[in-house]
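Summary of the model geometry
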Amino acid sequence: MESKALKIFTDKYISNRRLCWEMDQQVMSDLSFAKWKDTLIARSEIMRKIYLENEKFLADLKKELESEISPEFYEQLFNTVKLLYDGGYDDLFIMRTIVNRILPYFEEKKDYPKILFLRKVIAYEHYEFYGRLSHEEGMDKALELYEKTIELKEYYAELTDRADRRAIFVCYSNLVAILANEKEDTSEKIFKYIDEGLRFWQTDVVQRIDGNDTEFNERMDRLETEILYAIDASKMKDEELRDEYIGLVHRLKKKIDNDGLPDTDGGLFRAEIKCRLLENESEEALIEELIAHIDGLGELDYDDGDVALEKLLDYHNSGCEIFDIIEKSENRQKLEDKFIPRFVSKITDIHAHIPFGFWTGVVDDACAEWFSNAAPYDKNPARKAEMLLKLVISRQPITYIHSLMVGEIAARITISLIKSNPSFFIGILDMKDENQVKSSQEELCDYATKAALLHDCGKCEIVEVVNRQHRHLYKEEYSVIQLHPDKGYEMLQHDPAFDKYFDIIRGHHKSYDGKSGYPANFNNVKSKLKPMIDLITIADCIDAATDILGRNYVKSKDFNTIYNELIAGSGTMYNPEIVELIGSDKSLYQDLLYLTGEGRFEVYYRAYREIILR
């Protein structure tokens, strides 16, 4: 690949990524139905074109990387990685393909600035991709890469770019952030990295070059305070470390007070609460202080971006701190009865009304965490399901709209089945006979609709992969996609109120005969809910194949084509009773033909209006 060809790849790949973002912004605008429909159709066509173009450019790049590379081309490839990373067009799998090819060359040349940059980039990409997935192997790789990057601090004086030098300390922060998300006690390692980073900052070579740099000093102040967020004091088993943590919090409190600095996000306040808890102060008194803090935070002004985010996270983290105290208390029930009504509904309402598009990744994680904390305390199953819908599922438009469509399809099939084959539902929701089924149409339709709304909830934890449409998915990404049934089950398994949905969530990607599909560790054939799994599976497949929103990498099919595919897979992939019903009930067939065609836009538009006006 000549420099001109590489430039074409880089420019076109970046322009296509920009166009993806622009099209998504247009679709999420407040438009009339007619204008919005035209925009959605145009988006689908443009996204398909982008996908095909990027496939060609990536294939050309891969072919060139497999050939012999000149020194000049190594430099060009390095500059391409830097351009993509600095511009925010980074992507683990594309960046890793390039970095794995060029890093050994720069290591052999002992070009330490380039080695540091490439290691930092690939470490960050692993951290970003695998962090939200709680993927143990991926995060271990990120730790390993960050550790290799900070080894380059001995060449600090040779790093002429201040961004490279600053990256050394950013790597220490990211190591701490990774360890903070581990399930076991990692406080010893966290202290190690923070102490090591602070000691290195005080060395003569660093102080001579950057000691007077305001940005570096601010970075080091943040590294010291990150321990407030990174350590779960309740997990700490080492008493010396506990004492060190308490001492650090008191020291930081004194420093912040002396400097007149605000505790803008409440991190220091909550750290003090943790210390006082370790010192055996009254749990009730500490929760009272947390609730008073929450009550005093005031309104959120989302036009003031960074300030609003800090206040939002203060609400969120202070509420989570109360949950943590209650869950670990020997007086849990007493604390639950006394305090849950005083803060949960307020903070839940705040999460439910965060504008779409506001700090999306951070907010999505916070909403999912809040649901997992708050839902177990709500005794109303319908309200809990609504909480999941508002806090988690509806924040992911592609997953939400797909789930709505699956619900519309499933409800129509349910009504037809009740009329022509009521025995299909005997045993579902404790239905005893056909008469009970016929008299329970509303209940069964509601069940089918809610099962559809919940069936893909696990995708909300892997949204970056699910929504990737500008290129093909790599093998690791397909593996991640296949985690979503188990992730959905894990999200809800703590709560028996959702147990009638568990098998549907886990089994909707299994074949009718159980011989194919995923997850491998779930046997759908033996499930008592097998008929409902089969129904949602067929509704899911019908929408997926006719979709024009979330699957632009393939051309959507019309319903007639899909029905022929259902016939071909009847008895193996799909439940033959449902397939036969769709063909024999002409009214149902025509209804599904319209719904998956022109009627789709009505469902989409209703959902989009709900999302943007939340």
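For the structure given in this document, a descriptive report is provided here. (Residues numbered from 1 in each chain as written. Predicted model: local features only at pLDDT ≥ 70, side-chain atom pairs only at ≥ 80, totals over all residues. Heavy atoms only, no water.)

This part covers the overall build of the chain. Counting its regular elements, the chain contains 30 helices and zero strands. Its C-alpha atoms put the chain at 85 × 70 × 45 Å along the principal axes. The buried share of the chain, taken over its 614 residues, is 51%. Long-range pairs, those at least 24 residues apart, make up 70% of the contacts in the chain with a sequence separation of at least 6. In the form shown here, the chain has an accessible surface area of approximately 28,300 Å², with 49% of it arising from carbon and sulfur atoms. (Helix = DSSP H or I, 4+ residues; strand = E, 2+ residues; numbered from the N terminus. Buried < 20%, exposed > 50% of the residue type's maximum accessible area, 1.4 Å probe, protein only. Contact = heavy atoms within 4.5 Å. Areas by Shrake-Rupley, 256 points an atom, 1.4 Å probe, with all protein chains shown as cover.)

This brings us to the pattern of salt bridges. In the structure shown here, the tally under the stated rule is 47 salt bridges. Its salt-bridge partner being Glu 598, residue Lys 37 comes within 2.2 Å of it at the nearest N-O pair. With a gap of 561 residues between them, Lys 37 in helix α2 (residues 33-65) and Glu 598 in the loop between α29 (586-595) and α30 (599-612) connect regions that are remote in the sequence. For the salt bridge of Asp 111 with Lys 114, the shortest nitrogen-to-oxygen distance reads 3.5 Å. (Salt bridge = Lys/Arg side-chain N within 4 Å of Asp/Glu carboxyl O.)

What follows deals with the nonpolar core. The biggest cluster of nonpolar side chains holds 109 residues, and the ones touching the most others in it are Phe 343, Phe 371, Ile 413, Phe 425 and Ile 582. The dominant element in this core, judged by the number of residues it contributes, is helix α19 (residues 397-420), at eleven residues. When near neighbours in sequence (up to four residues on either side) are disregarded, Ile 413 contacts Leu 535, Ile 538, Ile 578, Leu 581, Ile 582, Leu 588 and Leu 592. Counting 91 residues, the second largest nonpolar core, distinct from the first, contains Phe 93, Leu 133, Phe 216 and Leu 268. (Core = buried A, V, L, I, M, F, W, Y, C linked by side-chain atoms within 4.5 Å.)

Quick look at the packing of α2 against α30 now. In the contact formed by α2 and α30, the axes pass within 11 Å of each other and the chain directions differ by 105°. In terms of their interaxial angle, α2 and α30 are classed as roughly perpendicular. Contacts from Phe 33, Trp 36, Lys 37, Leu 40 and Ile 41 in α2 reach Phe 601, Glu 602, Tyr 604, Tyr 605 and Tyr 608 in α30. Looking at side-chain class alone, the contact of α2 with α30 contains eight nonpolar, no polar and two charged residues. (Axes fitted to C-alpha atoms, helices over the stretch in contact; angles between N-to-C directions. Parallel < 35°, antiparallel > 145°, perpendicular 65-115°, else oblique. Nonpolar A, V, L, I, M, F, W, Y, C, P; charged D, E, K, R; others polar.)

What follows deals with the environment of Phe 522. Looking at the secondary structure, you find Phe 522 in the loop between α25 (499-507) and α26 (530-546). Between the alpha carbons of Phe 522 and Asp 486 there is a distance of 9.2 Å; along the sequence they are 36 residues apart. Setting aside its immediate chain neighbours within four residues, Phe 522 contacts Asp 503, Arg 506, Gly 507, Lys 510, Ser 527 and Ile 533.

By the secondary structure assignment, Arg 96 is in helix α4 (residues 92-109). Polar contacts involving the side chain of Arg 96 include one to the side chain of Glu 476, which spans 2.3 Å. Apart from the residues within four sequence positions on either side, Arg 96 is in contact with Asp 91, Ile 122, His 126 and Glu 476. (Polar contact = N/O pair within 3.5 Å; in protein donor to acceptor, adjacent residues only side chain to side chain.)

Take α26 next. The end-to-end C-alpha distance of α26 is 25 Å, a good match for the 24 Å that 17 residues give at a rise of 1.5 Å each. In terms of residue burial, α26 counts as a mostly covered element, since 13 of its 17 residues are buried. (Expected span 1.5 Å × (residues − 1).)

In this section: the packing of aromatic side chains. Within this structure, the stated rule accounts for 32 aromatic pairs. Aromatic pair Phe 33 and Tyr 605: ring centres 5.2 Å apart, planes at 75°, arrangement edge-to-face. Taken as a pair, Phe 33 in helix α2 and Tyr 605 in helix α30 lie far apart in primary sequence, 572 residues in all. Ring geometry for Tyr 74 versus Tyr 105: centroids 3.8 Å apart, planes at 0°, classification stacked. With Tyr 74 in helix α3 (residues 71-86) and Tyr 105 in helix α4, the pair connects residues that are 31 residues apart, well separated along the chain. Each member of the pair Tyr 74 and Tyr 105 is classed as buried. Ring pairs connect the aromatic residues Tyr 74, Phe 78, Tyr 85, Tyr 105, Phe 106, Phe 117 and Tyr 124, which therefore count as one cluster. The ring centre of Tyr 489 lies 4.9 Å from the NZ or CZ of Arg 506, which sits over that ring. (Phe/Tyr/Trp six-rings, centres within 6.5 Å; stacked < 30°, edge-to-face > 60°. Lys NZ or Arg CZ within 6 Å of the ring centre and 35° of its normal.)

Time to look at the side chain of Asn 421. With respect to the secondary-structure elements, Asn 421 resides in the loop between α19 and α20 (434-438). There is a polar contact of 3.0 Å between the side chain of Asn 421 and the side chain of Ser 423. In contact with Asn 421, other than residues within four places in its own chain, are Ser 416 and Glu 577.

A few words on a negative patch on the surface. The grouping of Glu 188, Asp 238, Glu 239, Glu 240, Asp 243 and Glu 244 at the surface amounts to a negative patch. Relative to the helices and strands, Glu 239 is located in helix α12 (residues 239-259). (Patch = residues over 30% accessible without salt bridge, like charges linked within 9 Å, V, L, I, M, F, W, Y side chains within 5 Å. Lys, Arg positive; Asp, Glu negative; His and termini not counted. Charge placed at Lys NZ, Arg CZ, Asp CG, Glu CD.)

On to helix α18 (residues 381-391), then. Looking at α18, one finds that the buried residues are Lys 384, Ala 385, Met 387, Leu 388, Leu 389 and Leu 391. Of the surrounding elements, those touching the buried residues of α18 are α16 (332-352), α17 (360-374), α19, α21 (441-455) and α24 (484-492).

A few words on the environment of Lys 4. Take Lys 4: it is sitting in helix α1 (residues 3-27). Of the residues examined, Lys 4 reaches a relative accessible area of 64% and is grouped as exposed. Separated by 238 residues in the primary sequence, Lys 4 and Arg 242 have C-alpha atoms spaced 59 Å apart.

What follows covers unusual backbone geometry. Looking along the chain, the bond that leaves Tyr 518 and enters Pro 519 is cis, with omega of 0°. Inspection of the secondary structure puts Pro 519 in the loop between α25 and α26. Positive phi, close to 70°, is recorded for Asn 280, a residue that is not glycine. Its place among the elements puts Asn 280 in the loop between α13 (267-278) and α14 (283-295). When its relative accessible area of 70% is taken as the criterion, Asn 280 is described as exposed. With a phi angle near 50°, Leu 429 is a residue other than glycine that sits in the positive phi range. Summarising the element assignment, Leu 429 is placed in the loop between α19 and α20.

Next up on the list: the packing of α19 against helix α28 (residues 576-584). Contact geometry for α19 and α28: axes closest at 11 Å, N-to-C directions at 90°. Between α19 and α28, the crossing angle belongs to the class labelled roughly perpendicular. Within the contact between the two elements, α19 uses Ile 413, Ser 416, Leu 417 and Ser 420 and α28 uses Ile 578, Leu 581 and Ile 582. Tallied by class, the residues present in the contact of α19 with α28 amount to five nonpolar, two polar and no charged.

Assignment of secondary structure puts Arg 119 in helix α5 (residues 112-131). Of note is the side chain of Arg 119, whose polar atom sits 3.2 Å from the side chain of Glu 107.

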